[in-house]
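This is what each chain is made of:
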Amino acid sequence: MHGSQLRVAYQGVPGAYSEAAAGKAYPNCEAIPCDQFEVAFQAVELWIADRAVLPVENSLGGSIHRNYDLLLRHRLHIVGEVQLPVHHCLLALPGVRKEYLTRVISHPQALSQCEHTLTKLGLNVAREAVDDTAGAAEYIAANDLRDTAAIASARAAELYGMQVLEDGIQDDSSNVTRFVMLAREPIIPRTDRPFKTSIVFAHDKGTSVLFKVLSAFAFRNISLTKIESRPHRNRPIRLVDDANVGTAKHFEYMFYIDFEASMAEVRAQNALAEVQEFTSFLRVLGSYPMDMTPWSPSRGE
């Protein structure tokens, strides 16, 4: 689907990178801003939106753990992915000069991704974290804060009447965020183009099963693109009693794995059948087309 008439939920306000990802995933869609990640999930579940586009990892900041937890808590299906180059700008109200600034506000990951550049610019200012990048620009504009700058996109500057003091201030030009597209129903896996499959599993006997699971994929020449562990929320601690030395406490984990194969392929079906023998819980989060668009360092959206 090219996205026309689709309602796509994203976390943030207009001008957020998530809004740009929604537009890249579904051109001509109606993008619906949500103040929290969980609200974006609920918007799809309650038929307010047709899809949600949410970030799951960044090439500099790593995984967005909150969304991995929400993928497990909710019953939406991953139906696609999109990778968005992130291009940060330093924004302030018109007429404000850098030497007037006393603080910079943005999303915590954006602040960390620009730390070295801010220092090089000689900005000895306080850093303050807020919920999202575009929201920082909106807040400054709404409150006429002339001593505060935001780290956000060039589009946020246009939307909220701010000027770009510095363009491209991310410490690394190879800064990419991977987003997944979520829907109420899964798509039908195919074999006519590269597919990726995402699963999550757990085992009652701790982490010793991980080697067996990885072997199931290695034996069939299936490449893993990601493995992520998260503490098991329902059963966070496992107790092991030894009559001689007492009780040991181990964390229990859920494991998230992405692998390069479609669930329409027999090798993927056989791999999961084998994995199911070793695990106490296994769920396919989605089998979906890989984002194969050519990538180059961003020069702004």
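All values reported here derive from a predicted model rather than from experimental measurement. Per chain, residues are indexed from 1 in the order of the written sequence. Local features in this predicted model are restricted to residues whose pLDDT is 70 or higher, and side-chain atom pairs enter the listing and the counts only when it is 80 or higher, whereas totals over whole chains, interfaces and linings include all residues. Remark: hydrogens and water are excluded; side-chain values derive from all non-hydrogen atoms of the structure.

Visitor: For this particular structure, what's the right way to read the overall build of the protein chain?
Guide: In DSSP terms, a helix is any run of H or I states spanning at least four residues, a strand is any run of E spanning at least two, and both are numbered starting from the N terminus. For the protein chain, the count of helices and strands is 9 helices and 17 strands. Considering only residue pairs separated by 6 or more positions, the protein chain has 78% of its internal contacts joining residues 24 or more positions apart. Any pair of residues with heavy atoms lying within 4.5 Å of one another is described as a contacting pair.

Visitor: How should the sheet that holds strand β10 (residues 163-167) be read in this particular structure?
Guide: Backbone-to-backbone hydrogen bonds pair the strands of a sheet. The strands run either parallel or antiparallel. In this scheme, strands are said to pair when DSSP sees at least two bridges between them. Taking strand neighbours across the sheet as the criterion, the 5 strands line up as β8-β7-β9-β6-β10 in an open arrangement whose pairing is mixed. Sheet topology places β8 (126-129) and β10 at the edges, where each strand pairs with a single neighbour. Across the sheet, the mean angle separating the axes of adjacent strands is 30 degrees when strand polarity is ignored. Only the stretch in contact is used when fitting a helix axis, every axis being a line fitted to C-alpha atoms; angles between N-to-C directions are given from 0 to 180 degrees. Where helix α6 (residues 133-143) meets the sheet, its contacts fall on β6 (89-92), β7 (103-106) and β9 (148-152), and the angle it forms with β9 comes to roughly 150 degrees.

Visitor: Sorry if this is basic, but what is going on with the packing of aromatic side chains here?
Guide: In this description, a pair of aromatic rings is defined by centroid distance and the angle of the planes. For this analysis, a ring pair means two rings from Phe, Tyr or Trp (six-membered ring only for Trp) whose centres lie within 6.5 Å, classed as stacked if their planes differ by under 30 degrees, edge-to-face if by over 60, and tilted for the remaining angles. Evaluated as defined, the whole model comprises 4 aromatic pairs. A ring pair is formed by Tyr68 and Tyr256, whose centres lie 5.0 Å apart and whose planes are at 75 degrees; its orientation type is edge-to-face. On the criterion of sequence distance, the pair formed by Tyr68 in helix α3 (residues 65-73) and Tyr256 in strand β16 (residues 253-259) is long-range, its members being 188 residues apart. Neither residue differs from the other here; Tyr68 and Tyr256 are each classed as buried. Considering the side-chain rings of Tyr253 and Phe255, the 6.4 Å spacing of their centres and the 45 degrees angle between planes classify their relative orientation as tilted. Throughout, exposure labels follow a simple rule: accessible area from a 1.4 Å probe, protein chains only, divided by the maximum for the residue type, with under 20% read as buried, over 50% as exposed, and the rest as partly exposed. For Tyr253, a relative accessible area of 28% translates into the label partly exposed. Every member of this aromatic cluster is reached through a ring pair, and the members are Phe201, Tyr253 and Phe255. Here, a charge over a ring is recorded when the distance from Lys NZ or Arg CZ to the ring centre is within 6 Å and its angle to the ring normal is within 35 degrees. The ring of Trp47 carries Arg184 above its face, with NZ or CZ at 3.6 Å from the centroid.

Visitor: I would appreciate a short explanation of helix α2 (residues 37-45) in the present structure.
Guide: Every α-helix carries 3.6 residues per turn, so stepping three or four residues along brings you back to the same face. Every buried residue of α2 is listed here: Phe37, Glu38, Ala40, Phe41, Ala43 and Val44. For α2, the secondary structure elements touched by its buried residues are β1 (7-11), β2 (30-34), β3 (51-58), α3 and β11 (176-183). Two residues or fewer past α2, Trp47 is found with a positive phi of approximately 65 degrees.

Visitor: What exactly am I supposed to notice about the sheet that holds β16 here?
Guide: The antiparallel open sheet is built from 4 strands, whose spatial order is β13-β16-β12-β17. Among the strands making up the open sheet, the edge pair consists of β13 (224-231) and β17 (281-289). Going across the sheet, the axis of each strand differs from the next one's by a mean of 15 degrees, ignoring polarity. Taken together, the 7 bridges between β13 and β16 define a ladder with antiparallel strand orientation. Pairing of Ser229 across the sheet is with Phe255, part of β16. Against the sheet, α3 contacts β12 (195-202), β13, β16 and β17, and its axis sits at roughly 85 degrees relative to β13.

Visitor: For this particular structure, what's the right way to read unusual backbone geometry?
Guide: Across the chain, the bulk of peptide bonds are trans and the bulk of non-glycine residues have phi less than zero. Notably, Asn28 is not glycine yet its phi reads approximately 70 degrees, a positive angle. Assignment of secondary structure puts Asn28 in the loop between α1 (17-25) and β2. For Asn221, which is not a glycine, the phi torsion comes out positive at approximately 55 degrees. Structurally, Asn221 is set in the loop between α8 (210-218) and β13.

Visitor: Help me out: how do you make sense of the pattern of salt bridges in this one?
Guide: Close approach of charged atoms lets side chains of opposite charge pair. For salt bridges, the criterion is a side-chain nitrogen of Lys or Arg within 4 Å of an Asp or Glu carboxyl oxygen. Going through the model one piece at a time under the given rule, you end up with 20 salt bridges. Between Glu38 and Arg66 there is a salt bridge whose closest N-O contact spans 3.1 Å. Within this pair, whereas Glu38 is found in helix α2, its partner Arg66 is found in helix α3, the two being separated by 28 residues in sequence. Residue Glu81 pairs with Lys196 through a salt bridge whose shortest N-O separation is 3.0 Å.

Visitor: Help me understand the nonpolar core, please; the structure alone is not making it clear to me.
Guide: Within soluble globular proteins, side chains that are nonpolar tend to cluster in buried spots. To qualify as a nonpolar core, a set must consist of buried Ala, Val, Leu, Ile, Met, Phe, Trp, Tyr and Cys residues joined through side-chain atoms within 4.5 Å. Counting 33 residues, the largest nonpolar core has Leu90, Leu91 and Ile151 as its most contacted members. Either an automatic procedure or a domain database provided the assignment from which the domain bounds are taken. Looking at which domains feed residues into this core, each of domain 1 (7-85 + 175-183) and domain 2 (89-167) supplies at least three. Not counting residues within four places of it along the chain, the set of residues in contact with Ile151 comprises His88, Cys89, Leu90, Val104, Ile105, Ser106, Ala110, Leu111, Cys114, Leu118, Thr133 and Ile169. Counting residues in hydrophobic clusters, the runner-up holds 26 residues, among them Ala9, Phe37, Phe41 and Leu71.

Visitor: Please explain the packing of α2 against α3 as it appears in this structure.
Guide: Each pair of packed helices can be summarised by the angle the axes make with each other and by the distance between the axes. Their axes nearest at 10 Å, the elements α2 and α3 cross at an angle of 30 degrees. Comparing their axes, α3 and α2 come out roughly parallel. Where α2 crosses over α3, the handedness of that crossing is right-handed. Of the residues in α3, those touching α2 at Phe37, Glu38 and Phe41 are Arg66, Asn67, Leu70, Leu71 and Arg73. Amino acids are sorted into nonpolar (Ala, Val, Leu, Ile, Met, Phe, Trp, Tyr, Cys and Pro), charged (Asp, Glu, Lys and Arg) and polar (every other residue, Gly among them). Considered class by class, the residues forming the contact of α2 with α3 number 4 nonpolar, 1 polar and 3 charged. Should an angle fall under 35 degrees it is called roughly parallel, over 145 degrees roughly antiparallel, and 65 to 115 degrees roughly perpendicular, with every other angle called oblique. Each helix crossing is assigned a hand: it is left-handed if the near helix lies turned anticlockwise from the far helix by less than a right angle, otherwise right-handed if that turn is clockwise.

Visitor: Explain the side chain of Thr117 here, please?
Guide: Positionally, Thr117 belongs in helix α5 (residues 115-120). You can call Thr117 buried: its relative accessible area is 17%. Those residues within four positions of Thr117 in sequence are excluded, and the remaining contacts are Ile169, Gln170 and Asp171.

Read these as layout, nothing more, since geometry by itself doesn't imply function.
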